[in-house]
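The residues making up each chain are set out below.
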Amino acid sequence: MGKNYERIDGRLRTFIEAQPLFFTATAPLSGDGTVNLSPKGLKGSFVILDELTVAYLDFAGSHSETIAHLRENGRITLMWCAFQGPPNIVRVHGRGEPVFRDDPRFKDLLAQFPDIDPTAHGLRAIIVVRAELVRDSCGFAVPYMSYDSDRDLHAKRFAREDDDSLSEYFAKKDHIATSMDGLPGLPLPLSPL
C-alpha cells in the first residue's frame with residue numbers, strides 16, 4: 001500500500017515523467033473559500049528540477065485560482081495517476097510559488113522547457129513547487145485509459161495573441177486579476193516574454 005518518500009528520484013521520477021496528465025489542488029486560507037482542482041497536460045510543460053523541486057508552465061485560461069492561492073499561502077498538491085501499466089498514484093504535497101514574467105528567475109526557468117513554444121500558449125507564469133511530502137498509493141480503482149495525443153486547440157487559440165492582446169483578454173475575464181474569492185491573481189498587464 002502507500003509509502004512516504006524523502007525525494008523524487010528513481011522509480012517515482014520515472015513514473016512522474018512518463019505521465020501525460022497530472023492534477024493540481026490548492027485552496028485559500030478561508031474556510032469557506034473555493035478549493036481548486038485543475039488538470040494539467042501538454043508534453044514538455046512539466047519538469048523535475050531536482051529531487052525536491054518541480055515546475056510547470058501556467059498557460060492562459062479563464063481563471064487564476066492556483067496563482068491566487070499560491071500567492072496567499074503557497075500550499076499545493078500535485079497528483080499523477082497510472083492510467084496504463086501497474087496501478088499507482090503519486091502525490092507531491094508542498095509549497096509553490098508563481099514565478100511571473102518580470103521575475104529575474106523567469107528566463108532561466110523557462111529554459112528548462114525546451115520543447116514548448118511559450119508564445120503559442122499564452123504563458124502567464126511558471127509554477128515552482130518545493131516538495132514537503134512525497135507519497136504513493138495503490139491506485140487499484142483507477143481505470144485503464146489510453147493516451148492518444150495532446151490536443152492542439154489551446155495553441156491554436158492563443159497563438160493568435162501577442163502580449164498586449166493577451167493582457168486585454170485577461171483584463172476582460174472576471175477571475176484572472178482577482179480570484180473567485182477576491183484574492184490577488186495574475187498581475188496585469190503582462191510583462192513581455
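(A) Quick peek at the overall build of the chain. Scanning the chain from terminus to terminus reveals five helices and eight strands. From first element to last, N terminus to C terminus, the chain shows the α and β order β-α-β-β-β-β-α-β-β-α-β-α-α. The C-alpha radius of gyration of the chain comes to 17 Å, within 12% of the 16 Å expected for a compact globule of 193 residues. Taken along its principal axes, the extent of the C-alpha atoms in the chain is 50 × 40 × 30 Å. Restricting the contact set of the chain to residue pairs at least 6 apart, pairs at least 24 apart contribute 72%.

(B) Here's a closer look at the side chain of Thr26. Within the secondary structure, Thr26 sits in strand 2 (residues 22-26). Within the structure, the side chain of Thr26 is placed 2.7 Å from the side chain of His69, a separation counted as a polar contact. In this structure Thr26 touches Val35, Asn36, Glu65, Thr66, His69, Leu70, Arg75 and Ile76, once residues within four positions along its chain are discounted.

(C) Structural context of the environment of Glu72. With respect to the helices and strands, Glu72 occurs in helix 2 (residues 65-72). Separated by 25 residues in the primary sequence, Glu72 and Glu97 have C-alpha atoms spaced 9.6 Å apart. Apart from residues lying up to four places away in sequence, Glu72 is in contact with Pro28, Leu29 and Leu183.

(D) Quick peek at the packing of aromatic side chains. The tally for this structure, following the rule as stated, stands at six aromatic pairs. In textbook terms, an aromatic cluster arises when at least three aromatic residues are bridged by ring pairs, as seen for Phe22, Phe46, Tyr56 and Trp80. The ring of Phe170 is capped by Arg124, whose NZ or CZ atom sits 5.7 Å from the centre of that ring. In this structure, Arg157 packs its charged tip against the face of Tyr169, placed 4.9 Å from the ring centre.

(E) Inspection of helix 1 (residues 10-18) at higher detail. Turning to helix 1, its buried residues number three or more, namely Leu12, Phe15 and Ile16. The buried residues of helix 1 occupy an angular sector of 95° when the element is viewed end-on, so they sit on one face. Residues of helix 1 that are exposed and point more than 90 degrees away from the buried face comprise Thr14 and Ala18. Contact partners of the buried residues in helix 1: strand 1 (3-5), strand 4 (46-50), strand 6 (75-81), strand 7 (89-100) and strand 8 (125-137).

(F) Region of interest: the nonpolar core. If you look at the biggest cluster of nonpolar residues, it comprises 31 residues, and the most contacted ones within it are Ile16, Phe46, Leu78, Trp80 and Phe170. Secondary structure elements with two or more residues in this core: helix 1, strand 4, strand 5 (53-58), helix 2, strand 6, strand 7, strand 8 and helix 5 (163-172). Of the residues forming this core, the biggest block, five residues, is contributed by strand 8. In this view, Phe46 contacts Ile16, Phe22, Val54, Ala55, Tyr56, Leu78, Trp80 and Phe113; residues no more than four positions away in its chain are not counted. Core analysis: the second largest hydrophobic core is formed by twelve residues, Val47, Leu57, Leu123 and Ile126 among them.

(G) Main features of the pattern of salt bridges. Applying the stated criterion across every chain, the model contains twelve salt bridges. Put simply, Asp136 and Arg11 hold a salt bridge, and the shortest N to O gap is 3.1 Å. Here Asp136 is found in strand 8, whereas its partner Arg11 is found in helix 1, with 125 residues between them in sequence. In this structure Asp136 comes out as buried when scored by relative accessible area, which is 9%. We note a salt bridge from Glu161 to Arg157, for which the minimum N-O separation is 2.7 Å. For Arg157, a relative accessible area of 24% puts it in the partly exposed group. By sharing partners, the salt bridges in this structure join Glu6, Arg7 and Glu51 into a single network.

Procedures and definitions
Residues numbered from 1 in each chain as written. Predicted model: local features only at pLDDT ≥ 70, side-chain atom pairs only at ≥ 80, totals over all residues. Heavy atoms only, no water. Helix = DSSP H or I, 4+ residues; strand = E, 2+ residues; numbered from the N terminus. Rg over C-alpha atoms; globule rule 2.2 N^0.38 Å. Contact = heavy atoms within 4.5 Å. Polar contact = N/O pair within 3.5 Å; in protein donor to acceptor, adjacent residues only side chain to side chain. Phe/Tyr/Trp six-rings, centres within 6.5 Å; stacked < 30°, edge-to-face > 60°. Lys NZ or Arg CZ within 6 Å of the ring centre and 35° of its normal. Buried < 20%, exposed > 50% of the residue type's maximum accessible area, 1.4 Å probe, protein only. Arc of directions from axis to C-beta. Core = buried A, V, L, I, M, F, W, Y, C linked by side-chain atoms within 4.5 Å. Salt bridge = Lys/Arg side-chain N within 4 Å of Asp/Glu carboxyl O.

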